[in-house]
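# A structural walkthrough
Given next are the chains, with one letter for each unit.
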Amino acid sequence: MSELVSRRKALVVGGGLMLAGCDKIAPTKPARKAFLGAEGLTYRVNRLLTAHDALAPEFTGADVSPIFRSNGTAHPGSPDYARLLADNFASWRLHVGGMVAKPLAISLDQLKALPQRTQITRHDCVEGWSAIGRWTGPVLGPILQFAGLSSAARYIVFHCYDDFGGTAYYESVDLVEAFHPQTILAWALNGQPLPIPNGAPLRLRVERQLGYKQAKYLRAIEAVASLDQIGGGQGGYWEDVADYAWYAGI
Ligand SMILES: Nc1nc2c(c(=O)[nH]1)N[C@H]1C(S)=C(S)[C@@H](COP(=O)(O)O)O[C@H]1N2
Ligand SMILES: [Mo]
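Everything in this summary refers to the structure shown in the same document. (Residues numbered from 1 in each chain as written. Chains lettered and ligands numbered in written order. Predicted model: local features only at pLDDT ≥ 70, side-chain atom pairs only at ≥ 80, totals over all residues. Heavy atoms only, no water.)

### Quick notes on unusual backbone geometry
Heads up, the rule is: The secondary structure listing takes helices from DSSP runs of H or I that are at least 4 residues long and strands from runs of E that are at least 2 residues long, numbered from the N terminus. To sort residues, take the accessible area from a 1.4 Å probe on protein chains only and compare it with the maximum for the residue type: under 20% means buried, over 50% means exposed, and anything in between is partly exposed.
A cis amide bond links Ala-200 with the next residue in sequence, Pro-201, at an omega value of 0°. Structurally, Pro-201 is set in the loop between strand E9 (192-193) and strand E10 (203-206). For Asn-88, which is not glycine, the phi torsion reads 55° and is therefore positive. Note that Asn-88 resides in the loop between helix H3 (79-86) and strand E1 (94-98). Judged by its relative accessible area of 61%, Asn-88 is exposed. Of note, Phe-89 is a non-glycine position whose phi angle comes to about 70°, a positive value. With relative accessibility at 6%, the residue Phe-89 sits in the buried group.

Written as structure tokens, this is what we have:
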């Protein structure tokens, strides 16, 4: 943090000096404000990416598991989900809200029209099984930026369609994971639309994290400054009910 402050100061001084040289040809104040605003955002996003950029291992097509088993919910039981399924998710929307300037409601077709990433990764469940799958979908970071993520947001919460005994499944990650290049919203597994047991129509893949973070049946994404008011306050369904660690890497 202190390094961040001192580097910011250095940049402010640098910007000031540079602009001081241009005093005679341009009004300095508005230019300086614009420069610092854009630089501040880019710098912070860059800092998040470069300080925590380790990639999860990726595999080849030959490594893909013949069967990718299902765990937890295999079919959300709610009438809402049944209705979405009935029209093959044509009326499904991913809501992006909370601390964003431009809340979004994105259709499956719109998600598929974005630049896609495909990655073959290993899923590790804490219950003691693993499977390798090929996942395809848009990278999450640009979607958050497009929605105008507030600079006061600290966590991204994923709300799901399924529940256990009336408690909805949810998960959350910090901005380092949210903007990681392998964090995608997957609509395909092994080249096919997600099967219902694996989270149709859309699930999170946050590849440096364990199985329970890979939220299935996505309904909404919410940017928040604190997790205190979400669910039981521990950042996820299993974190709330079974003391799973909020951040436990593979
Ligand atoms: N919405 C939702 N997401 C979920 C779960 C769930 O029950 N509901 N189970 C989690 C757990 S513990 C694991 S291991 C993986 C399982 O994903 P799979 O069913 O595709 O194997 O999904 C995770 N995401
Ligand atoms: Mo799991």
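### What to know about the pairing of strand E5 (residues 155-164)
The cut-off we apply is this: When DSSP finds two or more bridges between a pair of strands, those strands are recorded as paired.
Among the ten residues that make up E5, seven are buried, leaving the element largely enclosed by the rest of the structure. Across seven bridges, the pairing between E5 and strand E6 (residues 167-174) is antiparallel. From the neighbouring strand, Ile-156 faces E6, where its bridge partner is Val-173. Turn length for the E5-E6 hairpin, with the two strands adjacent in sequence and antiparallel, is two residues, and the turn residue Gly-165 shows positive phi of about 55°. Here six bridges tie E5 to strand E11 (residues 218-224), and the two strands are oriented antiparallel to one another. When the bridges of E11 are listed, Ile-156 appears paired with Ala-223.

### Things to note about the nonpolar core
The nonpolar side chains of soluble globular proteins are, as a tendency, buried together. Rule in force here: What we call a nonpolar core is a set of buried Ala, Val, Leu, Ile, Met, Phe, Trp, Tyr and Cys residues that are connected through their side-chain atoms within 4.5 Å. Any pair of residues with heavy atoms lying within 4.5 Å of one another is described as a contacting pair.
Ranked by internal contacts, the top residues of the largest apolar core, which has 51 residues, are Trp-92, Leu-149, Ile-156, Phe-158 and Leu-185. Excluding its chain neighbours within four sequence positions, the residues that come into contact with Ile-156 are Leu-144, Leu-149, Glu-171, Ser-172, Val-173, Leu-175, Ala-178, Ile-221, Glu-222 and Ala-223. Val-157, Val-224, Leu-227 and Ile-230 belong to the second-largest nonpolar core, a separate cluster that totals five residues.

### Observations regarding the sheet that holds E9
An order of E3-E4-E8-E9 is seen for the four strands of this open sheet, with the pairing classed as antiparallel. Each edge of the open sheet carries a strand with a single partner, namely strand E3 (116-125) and E9. Note: strand E4 (residues 129-138) against strand E8 (residues 188-189), two bridges, orientation antiparallel. In the sheet register, Thr-136 faces E8, and the bridge partner there is Ala-188.

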